[in-house]
Amino acid sequence: MTAGSPRFTESTRGRLRRLNLATSFPPVVIAALLLLYVDSRTWWHVLVLAPGVVAAVVAFERWTADDLARVALPCVIVAAAVWPLGVLVTGSPNAYWGVCAAGSLALREVRRRRVPTMAALFSYVAAVGATRLLVQPDDVRASLVTYVVVPTAVTVVVTVVTVIGERFYDLIRELEQTREREAELAVVRERVRFASDLHDIQGHTLHVVKLKIALAQKLLRRDTERAEKELQETYALVGDTIAQTKELAYAQRRLNLTAEIENAKNLFEAAGIRVRVTRAAEVDSRASELLGQVLRETTTNILRHAQATQVQITLAESGITIVNDGVTTDAPAALSGLSVLHERLAAEGGELTVTQHEGRFRTAATFPPARAGTTSATRRDDR
């Protein structure tokens, strides 16, 4: 990894490792064993060439785990030592494979003077191959092609492909950073919306309270009954505002489920998450309000705590279910907001369940059939 490159998140690193192990690791191992079989004519040839093969395989496996820096230098040293032994002792034209693979991967860890280091790798492969002329001086042309031109050319090609692949991973890192910023922005938008709701509740009330108190002060000596009435209205208004503020703080304010579904879709899409919404039924207004609270809280939790790529929202006659991938921990996180809603749904005869299985998180809020509304045709909205 070059200096300044952002690191992958744990979830993305795990997915990339599984992908590389499934698609690239088997061909690398097969190629290593095949070259070892082709070049080994006796048992001691295997002993001489095997360390280079093992070094290359270890370097590749550690690269998939994003842990190459720890083993890069030892692997390159071992593989580099095998190449001259293959040229001078066993006559193996493919013994360069270990230093080619391990060296090209190790270049990813070079933060300064990468071009001179690449030139040094190519020069080493060519120079060692040229020493074959010391033990086979009679066939210069064949030795140059077999031990110099082909190994050097293959090393150059593999290194160039590796560098290009590194640019690809840098692009993935940048996309992941963009996604994280979008998710953070979505959470900020939700906070702004909360602040707007709070302003709607308290801003108007405080302005009215100010006017009523000023009026009561003027009426205090001329019309005490009316002044008292103004103060009573002010007291009631303040009490109502306190109640609304508590409802807002604990996600108990009346919500529109349709609006919450649309808002959740917008937030997820802004964070680069695919959303599928399936509406199989409508529920009554009270259940709709509670389900809207569950959806809002779950949306915030997904944006904050998961590395989700897709979310499925299903509204059925019995309630709502939200399923997302990208879970980054083995055990379900302690989510205080959902705990509060669990108690509220239980008080209304409903049930809130949270489960986690195979990297997927499922939040389901259900009510008894009596709380359901009229069933409508299934409607699916894929984004």
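These figures come from a predicted structure and were not determined experimentally. (Residues numbered from 1 in each chain as written. Predicted model: local features only at pLDDT ≥ 70, side-chain atom pairs only at ≥ 80, totals over all residues. Heavy atoms only, no water.)

A.B. asks: Would you explain helix α2 (residues 25-39) in this entry?
C.D. replies: Every α-helix winds through 3.6 residues per turn, so residues three or four apart in the chain are directed the same way. The terminal C-alpha atoms of α2 lie 21 Å apart, and with 15 residues this matches the ideal 21 Å at 1.5 Å per residue to within 8%. Those residues of α2 not exposed but buried are Val-28, Ala-32, Leu-36 and Asp-39. Considered in projection along α2, the buried side chains sweep an arc of 80 degrees and stay on one side of the axis. Those residues of α2 that are exposed and aimed more than 90 degrees away from the buried face are Ile-30, Leu-33, Leu-34, Tyr-37 and Val-38. Looking at the buried positions of α2, the neighbouring elements they touch are α3 (43-64) and α5 (97-106). (Helix = DSSP H or I, 4+ residues; strand = E, 2+ residues; numbered from the N terminus. Expected span 1.5 Å × (residues − 1). Buried < 20%, exposed > 50% of the residue type's maximum accessible area, 1.4 Å probe, protein only. Arc of directions from axis to C-beta. Contact = heavy atoms within 4.5 Å.)

A.B. asks: What am I meant to see in unusual backbone geometry here?
C.D. replies: For residues besides glycine, phi is generally negative; the peptide bonds are generally trans as well. Residues other than glycine seldom take positive phi values, yet Arg-113 does so here, at roughly 55 degrees. Arg-113 sits in the exposed class, given a relative accessible area of 70%.

A.B. asks: Hey, could you run me through the packing of aromatic side chains in this one?
C.D. replies: Two aromatic rings are characterised by how far apart their centres lie and by the angle between their planes. Tallied over the entire structure, the rule returns three aromatic pairs. For the ring pair Phe-25 and Phe-60, a centre distance of 6.1 Å and an interplane angle of 15 degrees mean the geometry is stacked. Residue Phe-25 is located in helix α2, and its partner Phe-60 is located in helix α3; the two are separated by 35 residues in the primary sequence. Residues Trp-83 and Tyr-96 carry aromatic rings whose centres are separated by 5.7 Å and whose planes lie at 75 degrees to one another, so their mutual orientation is edge-to-face. Of the two residues, Trp-83 is situated in helix α4 (residues 72-90) and Tyr-96 in the loop between α4 and α5; the sequence distance between them amounts to 13 residues. (Phe/Tyr/Trp six-rings, centres within 6.5 Å; stacked < 30°, edge-to-face > 60°.)

A.B. asks: I tried to follow the packing of α4 against helix α6 (residues 114-130) on my own but got confused; where do I start?
C.D. replies: A pair of packed helices is characterised by two quantities: the angle between their axes and the separation of those axes. Interhelical geometry of α4 versus α6 gives an angle of 25 degrees and a closest axis separation of 9 Å. Regarding the angle of α4 to α6, the classification is roughly parallel. In this structure, α4 meets α6 at a crossing whose hand is right-handed. In this structure, α4 contributes Ala-80, Ala-81, Trp-83, Pro-84 and Val-87 to the contact, and α6 contributes Tyr-124, Val-125, Val-128 and Gly-129. Across the contact of α4 with α6, the residue classes tally to eight nonpolar, one polar and no charged. (Axes fitted to C-alpha atoms, helices over the stretch in contact; angles between N-to-C directions. Parallel < 35°, antiparallel > 145°, perpendicular 65-115°, else oblique. Left-handed = near helix turned anticlockwise from the far one by under 90°. Nonpolar A, V, L, I, M, F, W, Y, C, P; charged D, E, K, R; others polar.)

A.B. asks: What exactly am I supposed to notice about the pairing of strand β3 (residues 319-324) here?
C.D. replies: Burial runs high along β3: six of the six residues are buried. Side chains of β3 alternate between two faces, with Gly-319, Thr-321 and Val-323 and Ile-320, Ile-322 and Asn-324 buried alike. Inspection of the sheet shows strand β2 (residues 310-316) paired to β3 by six bridges, in the antiparallel sense. Bridge assignment links Thr-314 to a residue of β3, and that residue is Thr-321. Linking β2 to β3, which pair antiparallel, is a turn of two residues. (Pairing = 2+ DSSP bridges.)

A.B. asks: Can you walk me through the layout of surface pockets in this structure?
C.D. replies: Rolled over the atoms, a probe sized like a water molecule indicates the empty space that remains. Put simply, the second largest pocket is a space of about 330 Å³. Residue lining of the second largest pocket: 17 residues in total, with Phe-60, Ser-104, Leu-105, Val-158 and Thr-162 positioned closest to the centre. Put simply, the parts of the chain that give the lining of the second largest pocket at least two residues each are α3, α5 and α8 (140-219). Here the lining of the second largest pocket takes seven residues from α8, the largest share from any one element. When its residues are assigned to classes, the lining of the second largest pocket shows twelve nonpolar, three polar and two charged. (1 Å grid on protein atoms, 1.4 Å probe; cavity = no way out; pocket = protein on both sides within 12 Å on 5 of 7 lines; lining within 4 Å. Points joined across faces, edges and corners; volume = space filled by probe spheres on them.)

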